[in-house]
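# Examination of the molecular architecture
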Amino acid sequence: MKEIARFYDAEEAKVAAGFLRSQGFDITLPEEHHLGSAPHLSFALGGYRLLAHDKEAYQATLTLKEKQKTPRHEACERCGSTDIRRQRHRWFPFAIFGFLAATAPFTPAKKKLLCVACGHERKDTDDES
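The text that follows walks through the structure, step by step, so that each part is easy to find. Worth saying up front: this structure is predicted, and the values here are computed from it rather than measured.

### Let's talk about the sheet that holds strand E2 (residues 27-28)
Spatially, the three strands line up as an open sheet ordered E1-E3-E2, and their pairing is antiparallel. Edge positions in the open sheet fall to strand E1 (2-7) and E2, since each of these has one partner strand only. Here two bridges tie E2 to strand E3 (residues 48-52), and the two strands are oriented antiparallel to one another. Each bridged residue has a counterpart across the sheet, and for Thr28 the counterpart in E3 is Leu51. The sheet contacts of helix H1 (residues 10-22) involve E1, E2 and E3, and relative to E3 the element is tilted by about 15°.

Now the structure itself:
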């Protein structure tokens, strides 16, 4: 078995493994159960390693890299940047109060996309969310 990728986020590792399995590769995540029970040890143990058989490792690496290069949304109309993110509702006046400050990253997403480079807003046309 050969390591083809390493992730420090459980969800990202599982999505990558699922994608490669759907493409027909035999992928294993050896640290899945260890880090699943103790996720705070992710950095200490080196994260989640995706392993593939030696014969399939190179092709699996290429397949994963090709998918990671594909931008989720097209480029910004104003500046051409591909760093476009979904906007979130922000409740700043409430964020300064203890508990709500911790939940601020979990605010629901808007149906608008924001270009990180120039700040251009546009409506999301994706049907998947």
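From this point, things continue past the structure.
### What to know about the side chain of Ser81
Following the sequence through the fold, Ser81 ends up in the loop between helix H3 (54-69) and strand E4 (84-88). In this structure Ser81 comes out as buried when scored by relative accessible area, which is 18%. Beyond its immediate sequence surroundings of up to four residues, Ser81 is in contact with Ala75, Cys76, Cys115 and Ala117.

### Regarding the pairing of E3
The element E3 is extensively covered by neighbouring structure, given that four of its five residues are classed as buried. Looking at chain direction, E1 and E3 are connected through five bridges and run antiparallel. Within E3, the position partnered with Phe7 by the bridge is Tyr48.

### Focus on the nonpolar core
Counting 18 residues, the largest nonpolar core has Ile4, Phe7, Leu20, Ile27, Leu50 and Leu64 as the members making the most contacts within it. Of all the elements in the fold, those that place two or more residues in this core are E1, H1, E3 and H3. Sorting elements by how many residues they give to this core places H1 first, with five residues. If near-sequence neighbours (up to four positions away) are discounted, Ile27 is found in contact with Ile4, Ala17, Leu20, Arg21, Leu50, Leu51 and Ala52.

### A word on the environment of Pro30
Along the chain, Pro30 turns up in the loop between E2 and helix H2 (32-37). The class for Pro30 is partly exposed, based on a relative accessible area of 34%. Residues Pro30 and Arg49 lie 19 residues apart in sequence; the distance between their C-alpha atoms is 6.9 Å. Apart from the residues within four sequence positions on either side, Pro30 is in contact with Arg49 and Leu51.

### Quick look at the layout of surface pockets
Its boundaries defined by the atoms lining it, the largest pocket holds a volume of some 330 Å³. Around the largest pocket, the lining comprises 10 residues; the ones closest to its centre are Glu12, Val15, Leu64, Lys67 and Gln68. Sorting the residues of the lining of the largest pocket by element identifies H1 and H3 as the ones contributing at least two each. Here the element with the most residues in the lining of the largest pocket is H1; it accounts for five residues. Classifying every residue of the lining of the largest pocket gives five nonpolar, two polar and three charged.

Cut-off values and rules
- Residues numbered from 1 in each chain as written.
- Predicted model: local features only at pLDDT ≥ 70, side-chain atom pairs only at ≥ 80, totals over all residues.
- Heavy atoms only, no water.
- Pairing = 2+ DSSP bridges.
- Helix = DSSP H or I, 4+ residues; strand = E, 2+ residues; numbered from the N terminus.
- Contact = heavy atoms within 4.5 Å.
- Axes fitted to C-alpha atoms, helices over the stretch in contact; angles between N-to-C directions.
- Buried < 20%, exposed > 50% of the residue type's maximum accessible area, 1.4 Å probe, protein only.
- Core = buried A, V, L, I, M, F, W, Y, C linked by side-chain atoms within 4.5 Å.
- 1 Å grid on protein atoms, 1.4 Å probe; cavity = no way out; pocket = protein on both sides within 12 Å on 5 of 7 lines; lining within 4 Å.
- Points joined across faces, edges and corners; volume = space filled by probe spheres on them.
- Nonpolar A, V, L, I, M, F, W, Y, C, P; charged D, E, K, R; others polar.

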